[in-house]
Each structure stands twice: as structure tokens, then as C-alpha cells.
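# Inside the fold
One-letter residues, chain by chain:
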Amino acid sequence: MNRLETRLETLREAGRKALVTFITAGDPGPATTVPALHALVEGGADVLEVGIPFSDPEAEGPVIQAAAERGLASGTTLRKVLDLVADFRRTDDLTPVVLMGYLNSILAMGSEAFAQRAQHAGVDGLIMVNLPPEEAEELRFFLDKASISLILLVAPTTTEDRARYITSQAAGFVYYVSLKGTTGSASLDPVAAGARLRWLRELTPLPVMCGFGIRDAASARAMAAHADGVVVGSALVATIAALGTQPENIPEALRSQVAAIRSGLDRAPEQS
Amino acid sequence: MTPETNSARGANHYAQPIDGHFGQHGGRFVAETLMQALEELTELYQSAWVDPAFQAEFRRDLELFVGRPSPLYPAERLTRHLGGARIWLKREDLNHTGAHKVNNTVGQALLARRMGKPRIIAETGAGQHGVATATIAARLGLECCVYMGAEDVKRQSLNVYRMKLLGAEVIPVTSGSKTLKDALNEAMRDWVANVDTTHYIIGTVAGPHPYPVMVRDFQSVIGHEARAQSLTQIGRLPDVLVACVGGGSNAIGLFHPFIDDHDVRLVGVEAAGEGLATGRHAAPLNAGRVGVLHGNRTYLMADDDGQIMETHSISAGLDYPGVGPEHSYLKDIGRAEYAAATDDEAMAAFRLLNRVEGILPALESSHALAWVAREARALGSDAEVIVNLSGRGDKDILTVAALDGITT
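One structure accompanies this document, and this report is about it. (Residues numbered from 1 in each chain as written. Chains lettered and ligands numbered in written order. Predicted model: local features only at pLDDT ≥ 70, side-chain atom pairs only at ≥ 80, totals over all residues. Heavy atoms only, no water.)

Looking now at the overall build of chain A. In terms of helices and strands, chain A carries twelve helices and eight strands. A globule of 272 residues ought to have a C-alpha radius of gyration of about 19 Å, and chain A, at 17 Å, matches this closely. Expressed as a percentage of the 272 residues in chain A, the buried residues total 62%. Pairs at least 24 residues apart make up 74% of the contacts formed inside chain A by residues separated by at least 6 positions. Taken as a whole, chain A presents about 10,000 Å² of accessible surface, with 53% of it coming from carbon and sulfur. Averaging the locations of the 24 positively and 32 negatively charged side chains of chain A gives two centres separated by 3 Å. (Helix = DSSP H or I, 4+ residues; strand = E, 2+ residues; numbered from the N terminus. Rg over C-alpha atoms; globule rule 2.2 N^0.38 Å. Buried < 20%, exposed > 50% of the residue type's maximum accessible area, 1.4 Å probe, protein only. Contact = heavy atoms within 4.5 Å. Areas by Shrake-Rupley, 256 points an atom, 1.4 Å probe, with all protein chains shown as cover. Lys, Arg positive; Asp, Glu negative; His and termini not counted. Charge placed at Lys NZ, Arg CZ, Asp CG, Glu CD.)

Another aspect to go through is the nonpolar core. Core analysis: the biggest nonpolar cluster contains 184 residues, and A:L99, A:F114 and A:L126 have the highest contact counts within it. At eight residues, the largest contribution of residues to this core is made by helix α2 (residues 32–49) of chain B. Once you skip the residues sitting within four places of it in the chain, A:L126 turns out to touch A:V98, A:L99, A:I106, A:F114, A:L139, A:L143, A:I148, A:S149, A:L150 and A:I151. (Core = buried A, V, L, I, M, F, W, Y, C linked by side-chain atoms within 4.5 Å.)

At the junction of the two partners, chain A supplies 37 residues and chain B supplies 35 residues. Carbon and sulfur atoms make up 49% of the area that chain A and chain B hide from each other, which totals about 2,700 Å². When the buried area of chain A at its contact with chain B is split by residue, A:D56, A:E58 and A:E135 rank highest and sum to 23% of it. Across the pair A:K180 and B:D196 runs a salt bridge, and its minimum N-O distance is 2.6 Å. At the junction of chain A and chain B, the tally comes to 20 residue pairs in polar contact (both at pLDDT 80 or more). Contributions of two or more residues to the side of chain A that touches chain B are made by α3 (62–73), α5 (103–109), β5 (149–154) and α8 (160–169) of chain A. If you tally residues by element for the side of chain A that touches chain B, the top one is α5(A), at five residues. (Buried area = accessible area lost by both parts, 1.4 Å probe. Salt bridge = Lys/Arg side-chain N within 4 Å of Asp/Glu carboxyl O. Polar contact = N/O pair within 3.5 Å; in protein donor to acceptor, adjacent residues only side chain to side chain.)

The next point concerns the pairing of strand β9 (residues 240–244) of chain B. Every other side chain in a regular strand lies on the same face of the sheet, so the side chains alternate between the two faces. Residue and element names in this part refer to chain B. With five of five residues buried, β9 is to be regarded as a mostly interior element. Along β9, one buried face is formed by V240, V242 and C244 and the opposite face, lined by L241 and A243, is buried too. When β9 meets strand β10 (residues 265–273), the two strands line up parallel, connected through five bridges. Bridge assignment links V242 to a residue of β10, and that residue is V267. Two strands pair when backbone bridges link them, and β9 and strand β14 (residues 384–389) are joined in this way by three bridges, in the parallel orientation. In the strand pairing of β14, V242 is matched with V387. (Pairing = 2+ DSSP bridges.)

Here the focus is the pairing of strand β1 (residues 18–24) of chain A. All names here are of chain A. Most of β1 is tucked away: seven of the seven residues are buried. Burial along β1 is two-sided: the residues A18, V20, F22 and T24 and L19, T21 and I23 are all buried. Looking at chain direction, β1 and strand β8 (residues 229–232) are connected through four bridges and run parallel. Among the inter-strand pairings, L19 is bridged to a residue of β8, identified as V230. Taken together, the five bridges between β1 and strand β2 (residues 47–51) define a ladder with parallel strand orientation. The residue of β2 that forms the bridge with T21 is L48. Note on the crossover from β1 through helix α2 (residues 30–43) to β2: the handedness is right-handed. (Right-handed = clockwise from strand over helix to strand, strands pointing away.)

Residues and elements named next belong to chain A. Judged by pairing direction, the barrel is parallel, and its eight strands sit side by side in the order β1-β2-β3-β4-β5-β6-β7-β8 before closing back on the first. Pairwise comparison of adjacent strand axes, ignoring direction, gives a mean angle of 25° for this sheet. Looking at chain direction, strand β6 (residues 174–177) and strand β7 (residues 208–211) are connected through four bridges and run parallel. Within β7, the position partnered with Y175 by the bridge is M209. On the sheet, α2 packs against β1 and β2 and is oriented at approximately 165° with respect to β1. (Axes fitted to C-alpha atoms, helices over the stretch in contact; angles between N-to-C directions.)

Before going further, it helps to spend a moment on the pattern of salt bridges. Here the structure, examined in full by the defined rule, presents 43 salt bridges over all chains. With a shortest N-O distance of 2.6 Å, A:D124 and A:R3 are connected by a salt bridge. Linking A:D124 in the loop between α6 (111–121) and β4 (125–128) with A:R3 in helix α1 (residues 3–14), this pair joins segments that are 121 residues apart in sequence. For A:D124, a relative accessible area of 2% puts it in the buried group. A salt bridge links B:E274 to B:R280; its shortest N-O distance comes to 3.1 Å.

Moving on, we come to the packing of aromatic side chains. Scanning all chains against the criterion turns up 13 aromatic pairs over all chains. Here the aromatic rings of A:F54 and A:Y102 are separated by 5.6 Å at their centres, their planes lie at 20°, and the arrangement is stacked. Here the residue A:F54 occupies a position in the loop between β2 and α3, and A:Y102 occupies one in the loop between β3 (97–101) and α5, the gap between them amounting to 48 residues. As far as the burial class goes, A:F54 and A:Y102 line up, both buried. Ring centres of B:Y45 and B:F218 lie 5.9 Å apart, and the angle between their planes is 75°; on these two criteria the pair is classed as edge-to-face. One end of the pair, B:Y45, is in helix α2; the other, B:F218, is in helix α10 (residues 211–219), and 173 residues separate them in sequence. Taken as a pair, B:Y45 and B:F218 share a single burial class, namely buried. Grouped by ring-pair contacts, the aromatic residues B:Y45, B:W49, B:F54, B:F58 and B:F218 constitute a single cluster. Looking at B:R91, its charged tip hangs above the ring of B:Y73, at a distance of 5.8 Å from the centre. Above the plane of the ring of B:F65 lies B:R139, whose end atom (NZ or CZ) is 4.7 Å from the centre. (Phe/Tyr/Trp six-rings, centres within 6.5 Å; stacked < 30°, edge-to-face > 60°. Lys NZ or Arg CZ within 6 Å of the ring centre and 35° of its normal.)

Right, here's the structure in full:
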């Protein structure tokens, strides 16, 4: 078991919901990223999702697009992202790190080289937004050898047959995209998403995390009632964007924001 | 161009590729939210394409609305001027809306209506695909929204106004490099959010499956006509077909019906911009690497970190960092060859065609003409060459006038 599987197993046994937090590497500069990751953990994050800056982030809303542009402007290549993870690992060898990005970043490095370097840096999982499982055979082969979980997504439009196929191919957890739209959209319908989450959890023994449109303690609590955990991204990235001129204040701002979401989650009622 | 002849020609081992793969290229690399919509579109498209009622509707629109067939014109003065191969122009510039783009929008809009989707979206660079989409949306009474890079909105103000006259909403895209690739990203984001009501009309033979196959089939009317016209007007098949390649839809449309005619040489011409050696170009087949962008695996202009590079061409319609996956495959197997022409060469060909034939070509098509101008003598006077004149150049007048120092 890698750190991700161990952590999610521990949370499940304890009956706790997982809090997955997302920030983009190198936003606003590489010096901020490692302190920010530690602050997220201090605030109560269970899993760290770290964005790989990419020039053409097709599925992101404006907030995360802008973060990718800031990451690129600060020179944060995939190699640097892996260096930042390795740096974080020097003082935290327990918290799982999941990279999120677009396939061309991995292809440019090479699937095998990426898997080896990512394992060495201390990466536990990978989310590739534009890589459906049908196209993932080669990358999955090398990730498996490196004990890195390829996390797959299920959307509101995914049919039942397809969801069965996706969950049969997934590792770590299944990421449920809670709405039709890009990251950070405001159109989350908690009732519809809740019903889909209950359906999805019947289909798979893997933990199911719910993301897109979760921005605070209330929405985190509402969605976590139907899932094993939630992903919060755009709300945290917006905090980073607002503090762009005073990056020294970013870690503390993230810590207190995540602590508030954590306390909301911990008050979550047990799901039916 | 009937379904029967098309399926007979489907003996090509990649004519209807499995899951949209052309060798290592193509495929379907999109966010999960779009997978079901692409599957439904694939099924609907495949059944429509072999449905005689759909074919009749499509062909009727091409004849009565677009004005097909387009002539195969013998460019006699150009031939004499260049002193070599006999040159024929496939006159896609004479289509309604002034370019080959409309062949595809007519077909896809009919599909949108079959799917009962009341809204269509499109991306556009120079504005030709946007105009062709807005045109067919107006005709069928569909809501239309066109994404266009903010830089291109500034450069192509006439086409922006034209789309608005046609009732379309034009949305300037301010993310990334503010050009065609960013317009495509934004259209994808719209589609993810509105997939239940909206059909996305991609303008070229790129994107996730089924777009490269579907757009190719709609554009293949160019090559089917050219093949029949060659047999009648030349008395045999041509020796060389030449077309410019940005995404590559006019080139695939011309090439595809000739794929099995192995004696016919297929030449695509990319935009070399300020020169391949300068890095300021839009020639992924000449100087790119294989990667994944906009839903398909293909040759791309990308750096060592996989970031998509900004491209340059005098022609906005060729100013794109990727290329249709079938072209990447034709390059890999050696069935087609891909050359490049610089901004200066294209401009010279643009001026030449104006003067010796009285035809104003699009700057995109001028790249294909530039290759012919370079090679005509070497090909020899026995060679019969068809150049796809993919669009007319009215839209480029202001660009060219500015280069000549004429302010408007």
C-alpha cells in the first residue's frame, strides 16, 4: 500500500471523512509551494493534490487557469514540481501527494521516466484530466510498477456500464465530478450530486471523493454526507491569488481556511 | 460521394479507424464529462452517414445553398508563367461564405438538428469557420455562439461584424495566448457545461473522435469532385495534389478520395512563418513532436516540458500548434509528404495569382500556391497538378494592405 491507500484506509476505519486540498505548484512562485503544503496539512488536509502547470488546461475554470499561468510564469516545469514534492517529503513522509494535470506534460518527460522520478520524489497518485482509462494502458503499467495510483474520474454524464468499467480500472480513489462544468463552477446541485454519489458508492469498494464546486465548510459538509471525502480547490487557489503581492501570508491564510472546512467536515452526520 | 462508393472505398485499412485511432495518432483524450456525448455523436454520425435520407439532405444543401460542385479551373496563364507543370485550381473559394469550411458546417448542423440540440458553438481563428457556422445556424434557426481569441477579434474585425449580422454571439477569449488554440479551449469548457443542449462544431479534422473522421467525410466532397473532374477534364488522374495544412481539413478533403491511387502524389504545405529555423512558424509536421492536445494525439508544437508553444503565421487560419491526426499518420506511413512555405513565399504567390489569373486567394491557400510556384518547373510540363484553392482572400485585404503601408 502506498501512502494514499494507507491514509484512506485509516480514515475509513476511524469513520472520518477525507479532506483533499488542491493548489497549483509554483503559484505564485516556487518558494511558496512547500510552506503552503505544510500549512494545508496543519489545517487538517488528509491528502494533498498538487497541480502541474499546463499551457492549455481545457477543463479548468478561470481561477485554476490563472493559477496555471502564474505557475508557468514562475518557471514551474514538471521537473520542478517533482523537486518541490521531494522537498516537502523531507519533513513529511506520511501525507499522500497526488499530482493533477494534463497528459502532454507526462508524455514530454516519458511515461516510464515520469513514473520513476515521481516515485523517487514521493508522489502517491496521479489525476490526468484528459486521459480516459481506454487510453491509459501504457501509463498505468509504469505507474503500477512505481506504486502510484492512477485516480480516475466519474462525471454526471457517465453511464452505469461505463462507471463499472472506470471503477474497475481505478486505483486509490474514484473522483466524482459533482457538476457539468469546469472547476470552480457555482452550479453545484447537492441533491442530484448526493444521489449520484450514493449510486457510485454502490458500484465500487474504492473510496469516492467528491469535487468541483465545493468551496466552504457548509458545501463540504453537505457533500461529504454522501461521499468518503471532498476535494476543495478553486476556493483555496482564490486565496492564493488574492495574496499574490504578499506571498509570505499565504501559508497562514490557507491553514485557517482549511481548518474551518475541517471542522465543518468533522461535524458531518454519518451517511445513511 | 454516395454512401455506397464511400463504403467501397472504406477498404482503406484506416478509413474508419477503430475508436478513431490513426496508427499512434488520434483517439479521444477529453474530460470524462464529454465521453458520453462523444459516444452518442459517433453513433449518430455513423448511422446518419449511411442513411440515404441524410445523404440526400446533405447533398441538396451542398448544391443549392453552398453552390457545389466547385469548378476545377485550368490556370493557363499561371501555368505559362511558371513554365512547368499544368496547374488546375479546385475553386473552393467560390463556395457560399468563401471557403471550404462551409462543407463541414452544413453537415454538422444537420446532425445537431437530428440530435435535437438547439444550440451550436464553434471556435474560430481568422473567422472563416465562425462565419460558416453562424451562416448555417441562421439558416436552420439554431442559437450560435462563436469563441474567438481576443487578439484575433482585433485582427479580424470584419468577420466579427459579419458573424454578428448573422445573429451569432461572438465571445472574445482572453486566456492563454488569446488566439485559436485558446478559443478551442474555451469552446470545450462551454461544451462541458452545456453538453445536454449544445453541439460543438469543430472546424477542422482535429479534436477527439469522431471529429477527425466526421469532418474528413464531410470535406471529402472536394476530392470526390476533383477525382471525377480530373477524369473528364484531364482524361486521367492528376499526378500531384497540393493543399495548405493548418488543422488540415481542406487537405484531407482533397486527399482522401485519392488515398488508394498510389501514383497520385499528395503534398501538404504548412506555414513556415518567418522560416522553420527561426522557430516562429506553425509547422508541427515539419518541426514538431508527438503529443496530446485538444482531444487527440498528433504532432504538436510543444517545448521540452510539454507546454504548447505560440505559433506564428501571416495567415490566421494556419496559426495553430497542432494538426489533424490523419495527417500525422499519412506522414508516418509516407503516403503524403509535408512541405512548408514562409510568409514571404505565400505573399508572393498571393500577388502572383491576383495578377496572372484575376483570382484573389486566401493567405492560407497561398501557401499551397507557393509550393507550386517553387516546384512547377522541376515537375515538368507533363505533370498535372491540382491545387486546392481553399478560400478567397477578401478577408485578408487589410492584412496585405498594412504590409504594403496602405492605411485604411
